Amino acid sequence: MIWDQKHETMDEAGRKKLQGERLSALIKRAYGSVPFYKKKMDELGVKPEDIKGIEDITKLPFLTKTDMRDIYPYGLVAVPLKDIVEIHTSSGTTGTPVVDAYTINDIKIWGEVMARTLAMGGTTSEDTVQNAYGYGLFTGGLGVHYGARTIGANVIPISGGNTLRQLKTMQDFKSTVLTCTPSYSLMLAEIGKEKGIDFKKLPLKVGFLGAEPWSDGMRREIEEKLNIMALDIYGLTEIIGPGVAAECECKKGLHIFDDHFYPEIIDPETGEVLPHGQKGELVFTTLTKEGSPVIRYRTRDITFLIPEKCECGRTSIRMHRILGRTDDMLIIRGVNVFPSQIEEVLMELEGTEPHYQIIVERTGQLDSIEVQVEMTDKLFSDEIKNLEKEEKEIEGALYSALNVHAKVTLVEPKKIPRSEGKAKRIIDKRKI
Ligand code: DLL
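Notes on the structure in this doc start here. Given the structure is predicted, the values throughout are model-derived calculations rather than measurements. (Residues numbered from 1 in each chain as written. Predicted model: local features only at pLDDT ≥ 70, side-chain atom pairs only at ≥ 80, totals over all residues. Heavy atoms only, no water.)

Things to note about empty space enclosed by the protein
- Tallied over the entire structure, the rule returns 1 cavity of 30 Å³ or more.
- Looking at the largest cavity, its volume works out to about 80 Å³.
- Lining the largest cavity are Met 68, Ile 71, Tyr 72, Pro 73, Tyr 74, Gly 75, Leu 76, Val 77, Val 99, Ala 101 and Ser 292.
- Among the residues forming the lining of the largest cavity, the class breakdown is 9 nonpolar, 2 polar and no charged. (1 Å grid on protein atoms, 1.4 Å probe; cavity = no way out; pocket = protein on both sides within 12 Å on 5 of 7 lines; lining within 4 Å. Points joined across faces, edges and corners; volume = space filled by probe spheres on them. Nonpolar A, V, L, I, M, F, W, Y, C, P; charged D, E, K, R; others polar.)

What to know about the site of the ligand
- The environment of the ligand is made up of 19 residues, and the closest members are Asp 232, Ile 233, Thr 237, Asp 301 and Lys 422.
- Take Glu 212: an N or O atom from its main chain is 3.2 Å from a nitrogen atom of the ligand.
- Between the ligand and Thr 237, the relevant distance is 2.5 Å, taken from an oxygen atom to a side-chain nitrogen or oxygen of the residue.
- Isolated, the ligand exposes 610 Å² of accessible area, and the fraction of that covered by the protein chains is 92%.
- Looking at the shell around the ligand, the elements with two or more residues in it are helix H6 (139-151) and strand E7 (229-236).
- In terms of residue count, the dominant contributor to the shell around the ligand is E7 (5 residues). (Near = heavy atom within 4 Å. Polar contact = N/O pair within 3.5 Å; in protein donor to acceptor, adjacent residues only side chain to side chain. Areas by Shrake-Rupley, 256 points an atom, 1.4 Å probe, with all protein chains shown as cover. Helix = DSSP H or I, 4+ residues; strand = E, 2+ residues; numbered from the N terminus.)

What about helix H8 (residues 182-194)?
- Taking 1.5 Å as the rise per residue, H8 with 13 residues should run 18 Å; its terminal C-alpha atoms sit 19 Å apart, in good agreement.
- Of all 13 residues making up H8, 11 are buried, and the element is well covered by its neighbours.
- All of the buried residues in H8 are Pro 182, Ser 183, Tyr 184, Ser 185, Leu 186, Met 187, Leu 188, Ala 189, Glu 190, Ile 191 and Gly 192.
- Against helix H7 (163-172), strand E5 (177-180), strand E6 (206-210), helix H9 (216-226) and strand E18 (352-363) lie the buried residues of H8.
- Following H8 by one or two positions, Gly 196 has its phi on the positive side, about 80°. (Expected span 1.5 Å × (residues − 1). Buried < 20%, exposed > 50% of the residue type's maximum accessible area, 1.4 Å probe, protein only. Contact = heavy atoms within 4.5 Å.)

Structure follows, in structure tokens:
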């Protein structure tokens, strides 16, 4: 179901015109009210009048995470503080958190883009949404909440964690929609199975899963174990939270809500804008945001854009699911590897569970990785020599797919820590 026919199915010329008008209004606003943007534009010799259409976006300076931290907390705010009605921040586990400050209109737009997201998987006012993203400064909980509210669905604001209560709630209230991270959905499946829950008998039909990288192989596991359709949803605090892009039922890339969030792909080394279809760093400009507008923000996420029209009828540009982050890329003996590529390989194998961790170490100048992956109960009860054989086979599969030697260790079932939010896939011993 398409929530916003007008904006989601615009023709190319109409979309470009709207984007251009919104960009030029945004730049006037940002230049006039955010000293940080004025200074950056003045340094480059760009004036608001130079931005007439969307193609002029390349004249503008980039914004980085470091910039956002330097101007913490209110440095990007473009309206009087009395007009800010809500703030969210990133977790700040890796440094000063980044802040998103919303006006009432920003919250309304958030509700709209999240309604588009939930409608992609068929959510209507008849549905009961079990929202297991964390509520609080994290954007997941409230973002989904506003979307479900906009649709008029019944939302259960259960937040993350407390798995037994999640499972009871799912059964008692007959939840039809689940929203949480992909890794947490697997934990629900696992504990549910242990408790004897038959997901085929529950009315749960769709999951909107995101906030962390995952693969198509992981999707297959989740869909099978929970008996749902699992769709990928993407977003980040700096831009709005969830509601930046989402998959439709075709599952062929995520539709970017590009009437609000304009995407570009750049070469992370040179900053050069790359043509559609080429892999690079995703950059976003918030065309309509009032509270803390973001101009050409370098997300550090790696993907490519898919301009062709989707079978679902939406005309917005799509992006491939996130392939990795520039700061998560491992360089193992000269080969670039993203954890998601390792996950793709692991998900194809028999005898293993979708729970793994990658341990990175440095010996001398060289980085090496060990992949710890859980074996199934069946394999666990097998003979040692079979385990060793399986480890060698996985090492071989990783080598032929990625050209990288990784030591593989099969670990006993339930050994890898489970996650209620974003899973920690990499243990980087180089930094410890
Ligand atoms: O994770 C917002 C969100 C909440 C998205 C709920 C989807 C669902 P942050 O905590 O600021 O915001 O983290 C943003 O998480 O730059 C990506 O690296 C990663 N990320 C988010 N969604 C996906 C996804 C929320 N679907 C950072 N696939 C982003 C891969 C994702 N990575």
